[in-house]
Every structure is written in structure tokens, then in C-alpha cells.
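Chain by chain, the residues:
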Amino acid sequence: MAARKDQKRRLKIVPATARKGDIVTIKTLAEHEMEPGVRFNPESLVVYPRFIINKLICRYNGREVFVADWFSGVSANPYLAFKLRAEESGTVEIEWVDDYNQSTFARTEITVTDDATTG
Amino acid sequence: MSARVLVAVAIALLAADALAEPARRPAPEELLSGAAFVRPETRALQDDAFANPGLIWVERGAALWQTADGDAGTSCADCHGDAGTAMKGVGATYPKVVGGRLLNLSQRINQCRVDHMGAPPYVAAEHEVESENLLSLEAYVKTQSAGMPMAVAVDGAAAPFFVRGRELYFQRVGQMDLACAMCHDDRAGHALRAEPISQGHVNGFPAYILRWDGLASAQRRFRFCNEQARAEPLAIGHDDYNALELYVAWRGATLPVESPAVRR
């Protein structure tokens, strides 16, 4: 596992261009060890403290549209995908919050074409 | 002729004979990649160009490829150029004999670092089983050959290593008294407790191993197999593991490179 500052965050909208009202898929992947807090070192018997991403927030042009609370037991390098209705062009932002309230972000653009203009 | 010469001749004859009669291996149409033995969900994860977690390492390897390091102040890209061109097909030919030694891909990368970049070889840090940087570069190089058939050379200089690898493949080891062949040749497709037994190919390695939450080399997987058979595992990069990897790669020749695969 890489040092925390080097950990990758991936975000993709499928498809990145949609018509107004279309359902698009937001795919997210975070590199994280997701230490559940129940394992211990067999030699020293010291328990590895829990260290997970406990919240994922999605903002669409600044408005919160999706929140997921995660608990211990979510796998390492968690992948999450969900659907979103395309309303307007703009930015989709994902925020991952860990147990120390440290946030990491990924942002990407979505282009929404108006139904009327595309016929 | 002295006894020593006789012995040498006998060994040479045996080796030549051994090479002339390749061990049984699955016929090309019966070859099944490890992907055929995992659950559909795991396979879907591997095939998804976004969700495959092994791509995190590939992404990091791509960055390392461009990063200057060592006394020479050069990066991989300074000499080799674009990996997509320069490294296409390379990963499918390892392990390979370089300067009289059989090297696997990661050892070759380290050799290049030392010889041409004046940089220290990547070694595993205290908290790592294997060097994450080395794994990343290895995965990045190997994925340039994705879809190309595995094609290692087992003749010429590689012949003695191949013979050694085959010997190891059929040698029974550990408290369980198991040889690789007993599971991966004779019982592939059957269950070992709750797990299906694969044919034991290395075309998907370095692979993302779900039970380890990370990328792992074929030789780390060999170690795990040895541990399961209650045999003393060798060090990653050991000459015998290289020879075994060569044999196994030959055994799965023509299978497409899948790295980074996703495996249980």
C-alpha cells in the first residue's frame, strides 16, 4: 500500500455526455487499506487500530446528491458505482472522508445536452 | 575418460534427453487461464477497465516509467521511449536468460536500474512483502503485452533452467508430500476444500489478489502454494522459483497475457 499522499482516487462518468434526464453511472475507486480494527499482530498481539474511509459524498454542481456511510468490513480499495440523473452540465465531485476526518477529492465534468436542441 | 567426465557426459545426455521429451502439458485447446476458475464477479472486476484495482499499480508504474532516478538522472522513458511501443511483447517472454542467469521481469527491471540508471534496486520496505514500486513497474511493463500470447524461450541457454523448473514442478515437497503437478495437472477444475483448483498459469501475474488486498507477483503466489503444502517456501527471486516460473510460463504458452488479473 502506498503512502497516504500517493494513494490513487479514480472517478468516471459513463457516459460523460448525456441528454437531460438521462441516467448516467458514476464509478468511483479509492485506494485505501480499510483496516477493519479487529486484526492483530500475531507476535506483539497489538491490535491494528481501525482506519477506514467512513463516508463518501457526491456533489453535483456543489449540491449533495449522494452520501454513503461505510463501516468496517468494506474491502480494501473500495469500488462504488451508483446512478445519477443528468440535469445540467457541470462538475461532479466525490469526497472520501476517513476516520481522521481527512478528505480526499476527485472531480470530473459532465456535459448535458438539452433535449429540445438534440431533437 | 575420468569418472568426472563420464558423469558430465551422462548428465548432458540426460538433460538433452529430458528436453527432447517435453513433459505433458494441457493441449493448447485445453489451456484455461486462471480467470476461468474464479467467480463471474471476480472475472467481471478484472475485465472492467475502471474497477480493476490492479490498475492502481499500473497507473503508478506509468508515473515511475517517466520519473528520473539514480546517478545518471534518467528515467526508463529516456532510454526506452514510449512503453506502449518499446515494451510491447516484452513481458510475455520472461523469465529470460540474461548474461547466463535466468531473470524474471522484476529482476530485469532492477538490473536495468543498477546498470543504466545508477539507481539502487527496488527492495521491499519493512512493511511490504514485495516492493510496491517494483510491482508497479512490472505490472506496467507486462500490461503492454496484454492479449499477446505467453512466449518464453526454453531452448538454448534457457534449457538447463527449463529442465530444473520441470524437475521442481514434479517434485513432491512438504508435509503434504505434494508436487505442483498433482493439483494443477491432475486435479485442475476439482475443488481443494472450498476453492476450485486452477491450472496454475502465470499469464495474469502480477495479479491483484483479493485475499491480500494488493498486487502480488507469481513467485509470492508460489510461496503461498508451498505454505499450503506445508513446505518451506523459497525467497521471492530465488533461482529455483525463476526456473519454476519459466516452466510454468512454458506450460501456459499461447495463453494471452492478462496482467493485472484479479484472483482470489
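Refer to the preceding data block for the structure.
What comes next is a walk through the structure. (Residues numbered from 1 in each chain as written. Chains lettered and ligands numbered in written order. Predicted model: local features only at pLDDT ≥ 70, side-chain atom pairs only at ≥ 80, totals over all residues. Heavy atoms only, no water.)

### Structural notes on helix H10 (residues 218–228) of chain B
Within H10(B) the residues assigned to the buried category are Ala218(B), Gln219(B), Arg220(B), Phe222(B), Phe224(B) and Asn226(B). Those residues of H10(B) that are buried are in contact with strand S6 (214–216) and helix H11 (239–251) of chain B. (Buried < 20%, exposed > 50% of the residue type's maximum accessible area, 1.4 Å probe, protein only. Helix = DSSP H or I, 4+ residues; strand = E, 2+ residues; numbered from the N terminus. Contact = heavy atoms within 4.5 Å.)

### Some points on the pairing of strand S5 (residues 63–69) of chain A
The pairing of strand S4 (residues 53–60) of chain A with S5(A) spans six bridges and is classified as antiparallel. Opposite Leu56(A), over in S5(A), you have Ala68(A) as the bridge partner. (Pairing = 2+ DSSP bridges.)

### Regarding the pattern of salt bridges
Applying the stated criterion across every chain yields a total of 18 salt bridges over all chains. With its nearest N and O atoms 2.8 Å apart, the salt bridge here joins Arg39(A) to Glu35(A). The partly exposed category is assigned to Arg39(A), whose relative accessible area is 45%. Between Arg172(B) and Asp177(B) there is a salt bridge, and its shortest N-O distance comes to 3.3 Å. (Salt bridge = Lys/Arg side-chain N within 4 Å of Asp/Glu carboxyl O.)

### Quick look at the sheet that holds strand S3 (residues 23–30) of chain A
All names here are of chain A. The sheet built from three strands is open, its strands ordered S1-S3-S6 with antiparallel pairing. If you trace the sheet from one side to the other, it starts and ends with strand S1 (9–14) and strand S6 (79–85), each paired once. In this sheet, neighbouring strand axes are inclined to one another by 20° on average, regardless of whether the strands run parallel or antiparallel. Strand direction decides the pairing type here: S3 and S6, joined by seven bridges, are antiparallel. Each residue of the ladder has a partner; that of threonine 25, found in S6, is lysine 83. (Axes fitted to C-alpha atoms, helices over the stretch in contact; angles between N-to-C directions.)

### Examining the environment of Gln66(B)
All names here are of chain B. Residue position: glutamine 66 is located in the loop between helix H3 (54–65) and helix H4 (76–80). With a relative accessible area of 54%, glutamine 66 lands in the exposed category. C-alpha separation for the pair glutamine 66 and aspartate 82, spaced 16 residues apart in sequence, amounts to 9.4 Å. In this structure, glutamine 66 is in contact with Ser75 and Ala77, ignoring residues within four places of it in sequence.

### Observations concerning the packing of H10(B) against H11(B)
All names here are of chain B. Packing of H10 against H11 brings their axes to within 10 Å, and their N-to-C directions diverge by 100°. As summarised for this structure, H10 and H11 are arranged roughly perpendicular, according to the angle between their axes. Across from Ala218, Gln219, Phe222, Arg223 and Asn226 in H10, the residues of H11 making contact are Tyr241, Asn242, Leu244, Glu245 and Val248. Counted by class, the contact of H10 with H11 contains five nonpolar, three polar and two charged residues. (Parallel < 35°, antiparallel > 145°, perpendicular 65-115°, else oblique. Nonpolar A, V, L, I, M, F, W, Y, C, P; charged D, E, K, R; others polar.)

### Comments concerning the interface of chain B and chain A
With 15 residues of chain B at the contact, the number on the chain A side is 15 residues. Contact with chain A buries area across many residues of chain B, yet Phe50(B), Ile56(B) and Arg60(B) alone supply 49% of it, more than any other trio. Linking chain B with chain A are three salt bridges. Ionic pairing is found between Arg10(A) and Glu59(B), a salt bridge with its closest N-O pair at 3.0 Å. In terms of residues, the side of chain B that touches chain A owes the most to one element, H3(B), which gives five residues. Taken together, the residues that form the side of chain B that touches chain A break down as eight nonpolar, two polar and five charged. (Buried area = accessible area lost by both parts, 1.4 Å probe.)

### Thoughts on the packing of aromatic side chains
Applying the stated criterion across every chain yields a total of 13 aromatic pairs over all chains. Between Phe51(A) and Tyr100(A), the ring centres sit 5.4 Å apart and the planes meet at 50°, which makes this aromatic pair tilted. Of this pair, Phe51(A) sits in the loop between S3 and S4 while Tyr100(A) sits in the loop between strand S7 (90–98) and strand S8 (103–113), and the two are 49 residues apart along the sequence. Judged by relative accessible area, which is 10%, Phe51(A) ranks as buried. Put simply, the rings of Phe162(B), Tyr169(B), Phe170(B), Tyr247(B) and Trp250(B) pair up and form one aromatic cluster. (Phe/Tyr/Trp six-rings, centres within 6.5 Å; stacked < 30°, edge-to-face > 60°.)

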